[in-house]
Amino acid sequence: MARALRDQTAIIWLLAAIVIAIWQRWVPDSAWLMVHLVLLGALSHSVMVWSEHFSKTLLRTPIRHSATGRYGMLALGSLTVFISMPANFWAGVVAGATLIAGAVTWHVIAILQILRRALPTRFRKVTHYYIASGVFLPIGASFGAALAYGLSDTWHARSLATHIILNVFGWIGLTVIGTLVTFWPTLLRTRMDDRAGKLAEQALPIFIAGIAVGVTGALVGGRWVVLGGLLIYIVGLIWVGRSMILPLKKRGITEFAPASVGAALLWALAGLGFMAVRLAMSWEAFTDTIFTTAGIFALGFGVQILLGALTHLFPMAIGGGPAGSRAALTELTRLSTWRLTVTNLGLILLLLPLPKWMWTAVAVVTITAVALFLPLLFRGLFAALRVKRAQNEGASADSTQNGGGTAASAQNTAAGKADTTAAEAGKAKPAASARVMGARATKPGGMPQRTLVKPGQFVSAVLTLTVALTVGVALQPAALGLTPNHMFTATGNEPTAIAATGETTEVTVTAADMRFTPSSIDVPAGNRLVITVINEDEVSSHDLVVGDKRTKRLLPGESEVLDAGVITATTEGWCSIAGHRQMGMVIQINAIGGANAPAMAAPEGESGHALENEGHNHASAHIMPDMDQQLRQVIDPKLPEKTDATVHKLNLDVTELPLEVAPGIWQQRWTFNGKSVAPTLRGRVGDTFEVTLTNNGTMGHSLDFHAGALAPDEPMRTIPPGESLVYTFTAERAGIWLYHCATHPMASHIAAGMHGAVIIEPDHLEPVENEFAFVQSEIYLGDQYDSPETAQEVNADKVLSESPDLMAFNGIADQYVQNPIEVPVGERVRIWLMDAGPTRAFPFHIVGAQFHTTWTEGAYTLKEGEDAFGYTQGGSQVLPLLAAQGGFVELEFPEPGHYTAVNHAMIDGEKGARAIFKAVEK
């Protein structure tokens, strides 16, 4: 029982993860469950087993106590968490986390007892890695329980980062690093670097410091402090990683086990880097991609470290002597090149924005490559048992043949067998350190010589993934802009039409929290479907579209009956409000006994057919404004005049109306005060702004002023149509600050026109003769844009794929090309700049001019040609801004002419982010 619990638990958790991966569509919280079955289940169990085993081995101290209780407590705690979390049973999560923390604490005590009894050895301090890792896990488990309870967005992000740092980098990371100090040369079958123990001893305080700094930063909300902690952790990796280089140079990676472990380490670095990049962007960016981060750590790192370690350790543990080990290893390393290639190339593909069915096909192949380890494990077990059985039968035959001999002859026989075993071991050693995994040539020890890289398997792996991608395209050709070839749709092969049954299926569907409930409806094929749609959302409007039928846009609390007609094939319905479908407002309508419906064109008013939030390519064709058609409205770029007022009161009325976004091009815009860009506000440090937001639109909207520092809970809340709120803040710091609608999907609301700028002037800002403001934004058009009557709302699919049709200054592309801005030659010009995004950068440049003053994000980078170090002849050609950043430039135009101001990311400038300054003599 004890041995089974030790040896089989990790395999059971890994098998469970594979099963969940196959059936994830029907399992609640499947993504969370898969990640934790690998990291909390299989890998944490293995961490406990490895750390105790290697402590005993390194310290040469026998373990006099059984670890069965600890293994059982960890397994029970993990199982409790796995059951309770999808069931939303928080008490069960707490109980499971408590059991896990108790098991690991017990484990640390056991390691300390081993350490106390041990004599001084070279690697004594390596076991300190195991003690430190065990200290971190109980703390990390408590944060996991807090996350399960449910926290505010702010504390959710902070606790999530803390949970990962403690559990992945602390508990798992430190154990793996400490183990690899001695295990890595063993995998390569060569001597370790003589510096390994010393480097590991020196690196441990660095790792602990990195984890401590990272956790502190996460808890206080300091993203850059967290990044500092991750950087310290990387320094530790570099320091101890030097001991892995010499063994690698001596032997190279020639077997599956070190190749899998090496790939796992690379993926760990990739996961750490990805996490750092997302944290550098924002807390929201980090949380939005948490399952990508977790997937890298679970599949790329966790699974491959397990498979590599088990491939090496299992043949030695199974018994049967060198021959049994060779037999087991032969089975475990079958298709090595194919499995390694498919697993790692497949994971790379899964991280790309593939269409749904391409992603699914690649996922199936990748999971298959991982899952093959399990049948190979059983084949290895049976192969070793056959060898062991043959050895036992041979020993029995020898005993019978020599049964009448003397004791001396028996001793000689035993000695002879011992010599034979030693000879086999001597032969096995060079064979084991030979280039394994592959060819059937035989070395002079009798063991098959293999090679890691088998070209045939590599080509087969690439072809397998190619076929998977092809199958995905075949299942979803529209994702790549392909259409079926009607030459192959003969009428004789079409499905039989389903007759109307005369029956009616009536269903009530509620809309709330970006979900329809129920999310799936079963309808007997041929029945008429009548849906009563109730909007139970407190702030947001929703509708329902099924085929060519749709409800009106329902305000909170409203309802409507939708007659979807006779259902003959499986189809889907969705909310057509921009971005809602992409956030999950889709309802599956299953025609029981019918067929799958062909891909439907989106109804009028909605562009694109989005299935999920990821994996879609909605590249925009280049749309050319009609420059001969005069704009009906031009936004004045001149900055409002300063006033002496210290309290600024403003009404922002939300309206949704068609507006011209380029000459001859229209879009249904969501606006503050009825224009394509919100008004630019102006004040000084210490001024108070009192803004009244009134929602006259058809959906929920909100406000977020970056110029004010205050808790967002109340002033930034989403309000439903017909309601108002007052947003008051005091400007405490200088800058040009973005304000925008903060209702999700935020990117769509910003792109639809709900953005503006607040200029808070720095002290002692010198007056200039000419002052302008440009707010850059992205425009994502629907399929119809030729007139106000046909104008459609923002295309949320294009927003997700960052494929703008137009780029604009002050909400209208090319408006200042058609209507140049006139300025006198030689007069000082200040241009305030804001990148409203929601995504693209804004490198501002004026052709034929140079900036002598540049100011960005509250500070001068150049002032009248002088930089921060006193150099006085400097100049600037561009002011680079990321989304939500702002600043200003100053210059004089040297002579009459036409100077083009442009986003110098030229693909965006050519889409309309440009203006012409016409310099004239006074």
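The present account deals with the structure reproduced in this document. Note that the structure is predicted; figures quoted are calculated from it, not measured.

About the cut-offs
- Residues numbered from 1 in each chain as written.
- Predicted model: local features only at pLDDT ≥ 70, side-chain atom pairs only at ≥ 80, totals over all residues.
- Heavy atoms only, no water.
- Helix = DSSP H or I, 4+ residues; strand = E, 2+ residues; numbered from the N terminus.
- Buried < 20%, exposed > 50% of the residue type's maximum accessible area, 1.4 Å probe, protein only.
- Contact = heavy atoms within 4.5 Å.
- Areas by Shrake-Rupley, 256 points an atom, 1.4 Å probe, with all protein chains shown as cover.
- Pairing = 2+ DSSP bridges.
- Axes fitted to C-alpha atoms, helices over the stretch in contact; angles between N-to-C directions.
- Patch = residues over 30% accessible without salt bridge, like charges linked within 9 Å, V, L, I, M, F, W, Y side chains within 5 Å.
- Salt bridge = Lys/Arg side-chain N within 4 Å of Asp/Glu carboxyl O.
- Bend = angle between axes of the 7 residues up to and from the residue.
- Phe/Tyr/Trp six-rings, centres within 6.5 Å; stacked < 30°, edge-to-face > 60°.
- Lys NZ or Arg CZ within 6 Å of the ring centre and 35° of its normal.

**Section: the overall build of the protein**
Part 1 of the reasoning: Along the protein, the regular secondary structure elements total 21 helices and 29 strands.
Part 2 of the reasoning: The proportion of buried residues among the 922 residues of the protein is 52%.
Part 3 of the reasoning: Sequence-distant contacts in the protein: of pairs separated by 6 or more residues, those separated by 24 or more amount to 75%.
Part 4 of the reasoning: A total of about 40,700 Å² of accessible surface is found on the protein, and carbon and sulfur atoms cover 59% of it.

**Some remarks on the sheet that holds strand 14 (residues 688–695)**
Part 1 of the reasoning: Read across the open sheet, the 4 strands follow the order 12-11-14-16; overall the sheet is mixed. Looking at which strands have only one partner, the edges of the open sheet turn out to be strand 12 (665–672) and strand 16 (724–730). Here the strands of the sheet are splayed against their neighbours by 25° on average, with no regard to which way each runs.
Part 2 of the reasoning: Pairing geometry for strand 11 (residues 647–662) and strand 14, over 8 bridges, is parallel. Bridge pairing in strand 14 links histidine 648 to phenylalanine 689.

**A few points about a nonpolar patch on the surface**
Part 1 of the reasoning: On the surface, Trp90, Tyr149, Leu151, Trp155, Leu219 and Val220 cluster together into a nonpolar patch covering about 590 Å² of accessible area.
Part 2 of the reasoning: Assignment of secondary structure puts valine 220 in helix 7 (residues 196–220).

**Examining the pattern of salt bridges**
Part 1 of the reasoning: The tally for this structure, following the rule as stated, stands at 26 salt bridges.
Part 2 of the reasoning: Here arginine 195 ties to aspartate 193 by a salt bridge, and the two come within 2.9 Å at their closest N and O atoms.
Part 3 of the reasoning: Between glutamate 793 and arginine 553 there is a salt bridge, with the nearest N and O atoms lying 3.3 Å from each other. Here glutamate 793, found in the loop between strand 19 (770–779) and helix 19 (796–800), pairs with arginine 553, found in the loop between strand 6 (549–550) and strand 7 (559–566); they are 240 residues apart in sequence, far enough to count as distant.

**A closer look at the environment of valine 539**
Part 1 of the reasoning: Structurally, valine 539 is set in the loop between strand 4 (528–535) and strand 5 (545–546).
Part 2 of the reasoning: Measuring from C-alpha to C-alpha, the distance between valine 539 and threonine 718 comes to 6.4 Å, with 179 residues separating the pair along the chain.
Part 3 of the reasoning: Setting aside its immediate chain neighbours within four residues, valine 539 contacts Pro556, Met699, Gly700, Thr718, Ile719, Pro720 and Pro721.

**Notes on the sheet that holds strand 18 (residues 755–761)**
Part 1 of the reasoning: Taking strand neighbours across the sheet as the criterion, the 4 strands line up as 13-18-17-15 in an open arrangement whose pairing is mixed. Across the chains shown, the open sheet's two edge strands, defined by having one partner strand only, are strand 13 (681–684) and strand 15 (704–705).
Part 2 of the reasoning: Judged from the 2 bridges that link them, strand 15 and strand 17 (residues 735–740) form a sheet pairing that is antiparallel. Bridging from a neighbouring strand, aspartate 704 pairs with histidine 740 of strand 17.

**Here we look at helix 11 (residues 290–317)**
Part 1 of the reasoning: The largest bend along helix 11 reaches roughly 30° and is located at leucine 310.
Part 2 of the reasoning: In terms of burial, helix 11 is largely enclosed, as 21 of its 28 residues are buried.

**Here's the deal with the packing of aromatic side chains**
Part 1 of the reasoning: In total, this model carries 29 aromatic pairs according to the counting rule given.
Part 2 of the reasoning: Between tryptophan 855 and phenylalanine 888, the ring centres sit 5.1 Å apart and the planes meet at 15°, which makes this aromatic pair stacked. You can see tryptophan 855 sitting in strand 24 (residues 853–856) and its partner phenylalanine 888 sitting in strand 27 (residues 886–892), a full 33 residues away along the chain. Of the two residues examined, tryptophan 855 and phenylalanine 888, each falls in the buried class.
Part 3 of the reasoning: Through successive ring pairs, a cluster of aromatic residues spans Phe772, Phe774, Phe809, Tyr816, Phe842, Phe844, Phe851, Phe893, Tyr899 and Phe917.
Part 4 of the reasoning: If you follow arginine 158 out to its NZ or CZ, it ends over the ring of tryptophan 155, 4.8 Å from the centre.
Part 5 of the reasoning: A cation over an aromatic ring shows up here: arginine 830 above the ring of phenylalanine 888, its NZ or CZ 5.3 Å from the ring centre.

**Looking at the pairing of strand 24**
Regular strands have side chains that alternate between both faces of the sheet.
Part 1 of the reasoning: By the alternation rule, side chains of strand 24 split into Thr853 and Trp855 and Thr854 and Thr856, which are all buried.
Part 2 of the reasoning: As paired strands, strand 24 and strand 27 are joined by 4 bridges and run antiparallel to one another. When the bridges of strand 27 are listed, threonine 853 appears paired with glutamate 890.
Part 3 of the reasoning: One ladder, built from 3 bridges, connects strand 24 with strand 25 (residues 859–862); its direction is antiparallel. Looking across to strand 25, one finds that threonine 856 is bridged to alanine 859.
Part 4 of the reasoning: Linking strand 24 back to strand 25 in an antiparallel pair, the connection comprises 2 residues, with glutamate 857 at a positive phi of about 50°.

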